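Letter by letter, the chains look like this.
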Amino acid sequence: MNRAGIIDTHAHLDDKKFRQDIQNVLKRAAEAGVTRIITMGNDFTASRHACILAEQHPEIYAAVGIHPHEAKEVVPRTLEGLRILAGNSSKVLAWGEIGLDYHYDFSPRDCQQDVFRKQLEIAAELELPVVIHDRDAHEDVLSILKDFTGLKAVIIHCFSGDLAIAEECLNRGYYLGIGGTLTYPKNNKLRNVVKYVSLKHLLLETDCPYLAPQPWRGKRNEPAFMTAVLEEIARLKEMPEEEIAKATTANAQKAFWGE
Ligand SMILES: [Zn+2]
Ligand SMILES: [Zn+2]
């Protein structure tokens, strides 16, 4: 299909599931029109790996950060190391993924909050956009973010709130990352959000290798599969895919590149 290049704003290409065939994964992404991929950091090792991938492949960009699952492992040196990584490469576009996960609670909540705040401080200082992971923690995520007014851009990835929360995010100028969960039969809540919120705030993502869209559900997700998300947004908004592609790409340019 001939369409404007689309951007996968949230991937985990450092995952070992991609170790064997990253070249083929990138080739299929290009064939599907995915021209840029932003790969996340979950911990220090993943962040460093993300930076290496970004240096090796022109279409890959990186974010560095500590996922709430890993918050309990953080020592001051960890964050200093990430700050250095971020400063070393022009391909580090954002700080992420960071936030709160009250679904799994792999780290104690006060520790998650502390590490979240510390990373928001650094991101504000470095003027980097932040990529937020919010699982069953909408209230605390939004209240902590409220304390940080100087953030370059805020992306709530794999958005899982309802329409009221989406509207609060939009009022604050945040972006909502939309991925494979939009295609899951039971997810009317997200379809309702996508249908009614302004296209100006939506970003495409995969969160690969996780959360493959419905046709591939349960399998390894990859950037090429993002076309299923694009198709579903187009269907919900009753607009041509080309328009959705153009708009979400422009949003990603603005959010991550400040253009
Ligand atoms: Zn996440
Ligand atoms: Zn993720």
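Everything that follows concerns the structure shown earlier in this document.
Notes on the structure in this doc start here. Since this is a predicted model, take the numbers as computed values, not measurements.

**Some words on the sheet that holds strand β8 (residues 202–204)**
Then, in step 1: Pairing is parallel across the open sheet formed by eight strands, whose spatial order is β1-β2-β3-β4-β5-β6-β7-β8. The open sheet has two edge strands with one neighbour each: β1 (6–11) and β8. Pairwise comparison of adjacent strand axes, ignoring direction, gives a mean angle of 30° for this sheet.
Then, in step 2: Against the sheet, helix α3 (residues 76–88) engages β3 (60–64) and β4 (92–101), with an angle of about 150° to β4.
Then, in step 3: With respect to the sheet, helix α4 (residues 109–126) is in contact with β4 and β5 (130–135), its orientation differing from that of β4 by roughly 160°.

**Some remarks on the pairing of β5**
Two faces make up the sheet, and in a regular strand the side chains alternate between them.
Then, in step 1: The buried fraction of β5 is high, at five of six residues.
Then, in step 2: Examined bridge by bridge, β4 and β5 share five bridges and lie parallel to one another. Across the sheet, residue Ile-98 finds its bridge partner in β5, namely Ile-132.
Then, in step 3: For the segment spanning β4, α4 and β5, crossover handedness is right-handed.
Then, in step 4: Direction of pairing for β5 relative to strand β6 (residues 154–157): parallel, over a ladder of four bridges. What sits directly across from Val-131, in β6, is Ile-155.

**Considerations on the coordination of the zinc ion (ligand 1)**
Then, in step 1: Of the protein atoms, only Glu-97 (OE), His-133 (ND1) and His-157 (NE2) coordinate the zinc ion (ligand 1), at distances of 2.0 to 2.1 Å.
Then, in step 2: Between the zinc ion (ligand 1) and the zinc ion (ligand 2) the interatomic distance amounts to 3.4 Å, and Glu-97 serves as a bridging ligand to the pair. Separated by 24 residues along the polypeptide, His-133 in strand β5 and His-157 in strand β6 bring together distant segments of the chain.
Then, in step 3: Overall, the relative accessible area of 12% leaves His-133 in the buried class.

**A look at the side chain of Glu-222**
Then, in step 1: The topology assignment puts Glu-222 in the loop between β8 and α8 (227–237).
Then, in step 2: Overall, the relative accessible area of 4% leaves Glu-222 in the buried class.
Then, in step 3: Within the local environment of Glu-222, its side chain forms a polar contact with the side chain of Arg-28, the two groups lying 2.7 Å apart.
Then, in step 4: Look past the residues within four positions of Glu-222 in its chain and what remains in contact with it is Phe-18, Val-25, Arg-28, Thr-206 and Cys-208.

**Brief notes about helix α5 (residues 138–146)**
Every α-helix carries 3.6 residues per turn, so stepping three or four residues along brings you back to the same face.
Then, in step 1: Taken as a whole, α5 has its buried residues at His-138, Val-141, Leu-142, Ile-144 and Leu-145. With its buried residues spanning 165° around the axis, α5 presents them on a single face. α5 presents Glu-139 and Lys-146 as exposed residues on the side facing more than 90 degrees away from its buried surface.
Then, in step 2: For α5, the elements touching its buried residues are β4, α4, β5, β6 and α6 (163–171).

Rules behind the numbers
Residues numbered from 1 in each chain as written. Chains lettered and ligands numbered in written order. Predicted model: local features only at pLDDT ≥ 70, side-chain atom pairs only at ≥ 80, totals over all residues. Heavy atoms only, no water. Pairing = 2+ DSSP bridges. Helix = DSSP H or I, 4+ residues; strand = E, 2+ residues; numbered from the N terminus. Axes fitted to C-alpha atoms, helices over the stretch in contact; angles between N-to-C directions. Contact = heavy atoms within 4.5 Å. Buried < 20%, exposed > 50% of the residue type's maximum accessible area, 1.4 Å probe, protein only. Right-handed = clockwise from strand over helix to strand, strands pointing away. Donors = N, O, S within 2.8 Å, 3.2 Å for Na, K, Ca; no water. Polar contact = N/O pair within 3.5 Å; in protein donor to acceptor, adjacent residues only side chain to side chain. Arc of directions from axis to C-beta.

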